[in-house]
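What follows is each chain in one-letter form.
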Amino acid sequence: MSKKIKETVRTLLVEGKIRGFLGLIERDGHVMPHLFGDPQELEHLSLGDHGRAGDARYPLNQILIQLMRAYPEETFAVLVRGCDERGLRELFKWQQLREEKVIPIGLGCPEELARACECEKPFPDNLLDGPKGEKVEGQKVARVNAMDIDARLRFWKAEFDRCIKCLGCRNICPMCFCKECTLEEANLIDSGEIPPANPTFHLVRAIHMVGRCIDCGLCEEACPADIPLRTLYKKVAEIVSEEFGYKTGYTVDEKSPFNIIEVK
Amino acid sequence: MEFKTVLTTCPYCGCGCGLLLEILDGRLIGTLPSKTSPVNQGRLCVKGWSVHEFVTSPNRLIRPLVRKADRLVESSWDEALDLSARRLKEIKERHGPDSIAVLTSAKCTNEENYLLQKLTRAAIGTNNIDHCARL
Ligand code: SF4
Ligand code: SF4
Ligand code: SF4
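Predicted model, so just to flag it, every value in this text is computed and none were measured.

Before going further, it helps to spend a moment on a nonpolar patch on the surface. Taken together, the side chains of B:Leu61, B:Leu65 and B:Leu72 present a nonpolar region at the surface, about 300 Å² in accessible area. Here B:Leu61 is to be found in the loop between helix H2 (51–55) and strand S4 (65–68).

All names here are of chain A. Here the domain parsing of chain A yields domain 1 (3–129) and domain 2 (140–244). The straight-line distance from the C-alpha centre of domain 1 to that of domain 2 is 26 Å. Listed as interface residues are 17 residues of domain 1 and, on the opposing side, 16 residues of domain 2. The interface formed by domain 1 and domain 2 contains 1 salt bridge. At the surface where domain 1 touches domain 2, the tally comes to 8 residue pairs in polar contact (both at pLDDT 80 or more). Elements with a minimum of two residues in the side of domain 1 that touches domain 2: helix H2 (60–70), helix H3 (82–93) and helix H4 (111–117). Among the residues forming the side of domain 1 that touches domain 2, the class breakdown is 8 nonpolar, 4 polar and 5 charged.

This part covers the nonpolar core. All names here are of chain A. The biggest cluster of nonpolar side chains holds 83 residues, and the ones touching the most others in it are Phe-21, Leu-22 and Leu-64. If near-sequence neighbours (up to four positions away) are discounted, Phe-21 is found in contact with Val-9, His-34, Leu-35, Phe-36, Leu-42, Leu-45, Ala-77, Val-78, Leu-79 and Ile-105. By size, the runner-up hydrophobic cluster in this structure holds 7 residues, among which are Cys-109, Cys-117, Cys-119 and Val-136.

What follows is about the pattern of salt bridges. Evaluation of the coordinates by the stated rule reveals 26 salt bridges over all chains. A salt bridge links A:Glu73 to A:Arg98, with the shortest nitrogen-to-oxygen separation between them at 4.0 Å. Of this pair, A:Glu73 sits in the loop between H2 and strand S4 (76–80) while A:Arg98 sits in the loop between H3 and strand S5 (102–107), and the two are 25 residues apart along the sequence. Residue class for A:Arg98 comes out partly exposed when judged on its relative accessible area of 36%. Across the pair B:Lys35 and A:Glu221 runs a salt bridge whose closest N-O atoms are separated by 2.5 Å. Here A:Glu221 lies in helix H9 (residues 218–222) and B:Lys35 lies in the loop between strand S3 (27–33) and helix H1 (46–49), a pairing that spans two chains. Each of A:Glu85, A:Arg89, A:Lys121 and A:Asp125 takes part in one network of salt bridges that share partners.

So, how was this worked out
Residues numbered from 1 in each chain as written. Chains lettered and ligands numbered in written order. Predicted model: local features only at pLDDT ≥ 70, side-chain atom pairs only at ≥ 80, totals over all residues. Heavy atoms only, no water. Patch = residues over 30% accessible without salt bridge, like charges linked within 9 Å, V, L, I, M, F, W, Y side chains within 5 Å. Areas by Shrake-Rupley, 256 points an atom, 1.4 Å probe, with all protein chains shown as cover. Salt bridge = Lys/Arg side-chain N within 4 Å of Asp/Glu carboxyl O. Helix = DSSP H or I, 4+ residues; strand = E, 2+ residues; numbered from the N terminus. Domains from an automatic or database assignment. Contact = heavy atoms within 4.5 Å. Polar contact = N/O pair within 3.5 Å; in protein donor to acceptor, adjacent residues only side chain to side chain. Nonpolar A, V, L, I, M, F, W, Y, C, P; charged D, E, K, R; others polar. Core = buried A, V, L, I, M, F, W, Y, C linked by side-chain atoms within 4.5 Å. Buried < 20%, exposed > 50% of the residue type's maximum accessible area, 1.4 Å probe, protein only.

If you want it as structure tokens, here you go:
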């Protein structure tokens, strides 16, 4: 367990620099999100590793948005991996969080996790503990790209056919913050139908992830139908990067293609 | 200020998925699947994902209702239980125990379901007991 992280958070709490630290706690053999307000609780701090590295990660930034809506004047620290830090940057740009009120506590991911994630940058710039791992070259998008266009559509339609419309992919996503969701728009996607409109449902979500998906993989982990959602959104990121030169969450000042209004 | 998550079991069906209720200052604000539950391993169905919504729903039945002259009227537990016991006894005496059937629920615990089948078989005297999961 990271001493560095515990000590840093303890100091922030004791000095009154933060109202709380949003992280993970281990209780009765389970890992769960928790707001640490009392330094003594840090004894039970977890970094999200249970059976495997990073298998008990949760959408902490999503919870942070709720905390900051309730307490806009307070400052919070939050546990971030590389993906979460990318998420923070976009959430600042989308004005869902205020940068001056958030202190990131950075954790680098081990190689095992970076490989499973096919992660482009498995560590945050604000690295406090953990390795500064290397970029992993992805195979999954390459495999889809290798199919001809008809085979690709057949592949995705067969995957989407298993969808039970639990909406878990949307609910767990730390970057889904809209008040009204197009996936529940009856004019576009019939309600009470399973699988939901194929491929409309999934492609609508994929398009909405332009400039938002920071490739944390929580959606795919939450999908009871084992649909390779992460590969789909990685493909979206590839297109956005090639066509618009935009890489989600890598810069603080640049805006995503969906966040630019050009007046001609 | 307090934010915590509470581990519990989904009440909707017999699978027993582990879920986390998100509590901010004593208010229930959301549900997350438990990643460390061996049952569902971080996944939920649409019902599990919305568990927090019914807890505070104004449509939730929290008191017994007794039908009086075709209207459902809120009553005390004592009144509702006395009435049920009296009517069940009358029906059993007049038409025999097999004229009664009991339907129990996937939302109860195993132990509650056990108690109800005990009541049905031992007290009422019928094997007519089934479960909503088979409807
Ligand atoms: S995507 Fe995976 S490897 Fe990359 S930072 Fe996030 S958890 Fe770590
Ligand atoms: S990987 Fe999935 S859960 Fe994570 S930001 Fe992208 S769409 Fe959301
Ligand atoms: S998590 Fe999987 S099954 Fe659930 S709505 Fe999303 S794609 Fe469909």
